[in-house]
Amino acid sequence: MILTLGEGNTADLPWAAPAPRVLLSLNMRLRVVPPAGVLLQTIGLSSALQTLAGAELTLPSSASEPYRTIFPFQIAGSGINWFCGRANLLHRVIADNSSTTQTGTRYQTSDITPGGLISAPDTVPSPSLGETVIPPRWQFADDGDFVVGIRTDVNETPHSWERPNLTYAGLTSAPTSAVGLGITGRILVLLGTTAFDTANAQRWNCVRWSSRYDYNDWTPSSTTETGEEYISDGSRIIGGGNCGRYGIGVWTDQSFTLLNETGDIASIFAFDTVDDSRGLFANAAWTMHGGRLYWLDQNKDLVIYDGGQPQVIPNPLKATILESVSVEQAPRVHLVSSEDFHEVQIWVPASDTDVAPNICLVFNTVLGRWYTWSLVRPSWSQRLGVNPALGID
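Residues numbered from 1 in each chain as written. Predicted model: local features only at pLDDT ≥ 70, side-chain atom pairs only at ≥ 80, totals over all residues. Heavy atoms only, no water.

Here we take up the confidence of the model for the protein chain. Per-residue confidence for the protein chain gives a mean pLDDT of 77, with 74% of residues at or over 70. Every residue in residues 1-56 is under pLDDT 50, and counting partners more than four places away or in other chains gives 182 contacts. Taken together, the stretch residues 374-393 has pLDDT below 50 and engages in 60 contacts with residues farther than four places along the chain or on a different chain. (pLDDT = per-residue confidence, 0-100. Contact = heavy atoms within 4.5 Å.)

See the structure below:
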């Protein structure tokens, strides 16, 4: 497929030359278009990047397995890189330094899918009563030297790529089946993963962390930081990850907890239950925006956290979209931050059969208003020229 990276233009319109530099985020959704330029479908992705309008990036297409994750990261000498992930495939994308304002940004792509991946169908089965379904989705954490990735709730160990050449290594001694991850102080933390005692049925609520500087050392001992802990509130961990200045966030279906280092070798992490009544609606239903943390709770309320007590944001449009979300649609719901438009966006599938979110409810953090999102927006034509690093705003 051809992914047209552009904002505020329909897929069959010519692009300005020189092309305007525009913001792309999950709300922009990569458009799948054939050579004739007819819009076929849109798909949801999970991070923000900035590029030149009009550029085209060719990646293998799959109607049943869309790309769900874009992860941007910096490598000295090659600028911004992106990992573009489908359930069973991973591509690296970098900008071609020969790009000009006349050509638009050109891209180089490579398939970096780790060998021997367990097949993980990108489907949402009808859940049993009380069951939480977490479809496979790439999630990454970056410590500046290593990028570590998992596929959520898949029975495999994490994957690691070392800078500057992105040398791959499987973390084969790490626990499996994590639904979230974070890195702090060069310690890798896995959420909702298998316990050290793998027979322990409580692994759904297990948080484990590696030795410092060694993401493949997970055996508890008196000389390493490795350890594990259980979240007591809720039936299972739904998701979580690095939450900026707040630490590593962990959500169950009923609670929100923050992990931060104690500086004590005997305890390593402090587990602070921030809210024992508001969990996470879906694995990707949280985001950082403007230095604050937002998530959609199990009651389909948008919650904001800026230290202190989390607050629910009143939503007069909740009934228009969120109240009708079914148990089959729920696992696909996700949040994304659009900083330039001051928006926190809640994306949901329109029906049980949609494989990607395609309707959106938006909260404007400056205006304090809710509205539904429109795909048509003006390009920022005043922002012209090539951005060699394709930086993240």
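What follows is about the pairing of strand E8 (residues 79-86). Counting buried positions along E8 yields eight of eight residues, so the element is predominantly enclosed. In the sheet, strand E7 (residues 69-75) pairs with E8 via seven bridges, with the strands oriented antiparallel. In the strand pairing of E8, Phe-71 is matched with Phe-83. Taking the residues between adjacent antiparallel strands as the criterion, E7 and E8 are bridged by three residues, where Gly-77 takes a positive phi near 95°. (Buried < 20%, exposed > 50% of the residue type's maximum accessible area, 1.4 Å probe, protein only. Helix = DSSP H or I, 4+ residues; strand = E, 2+ residues; numbered from the N terminus. Pairing = 2+ DSSP bridges.)

Attention now moves to the pattern of salt bridges. With the rule as written, the count across this model stands at 17 salt bridges. Notably, a salt bridge pairs Asp-122 with Arg-332, separated by 2.8 Å at the nearest N-O pair. Here Arg-332 lies in the loop between helix H1 (318-321) and strand E27 (334-338) and Asp-122 lies in the loop between strand E10 (107-111) and strand E11 (138-142), a separation of 210 residues in the sequence. Per residue, the accessibility class of Asp-122 equals that of Arg-332, and both read buried. A salt bridge links Asp-145 to Arg-186; the shortest N-O distance between them is 2.9 Å. One end of the pair, Asp-145, is in the loop between E11 and strand E12 (146-151); the other, Arg-186, is in the loop between strand E15 (180-184) and strand E16 (187-191), and 41 residues separate them in sequence. Counted as one network, the salt bridges with shared partners bring together Arg-278, Asp-297, Asp-301, Lys-318 and Glu-323. (Salt bridge = Lys/Arg side-chain N within 4 Å of Asp/Glu carboxyl O.)

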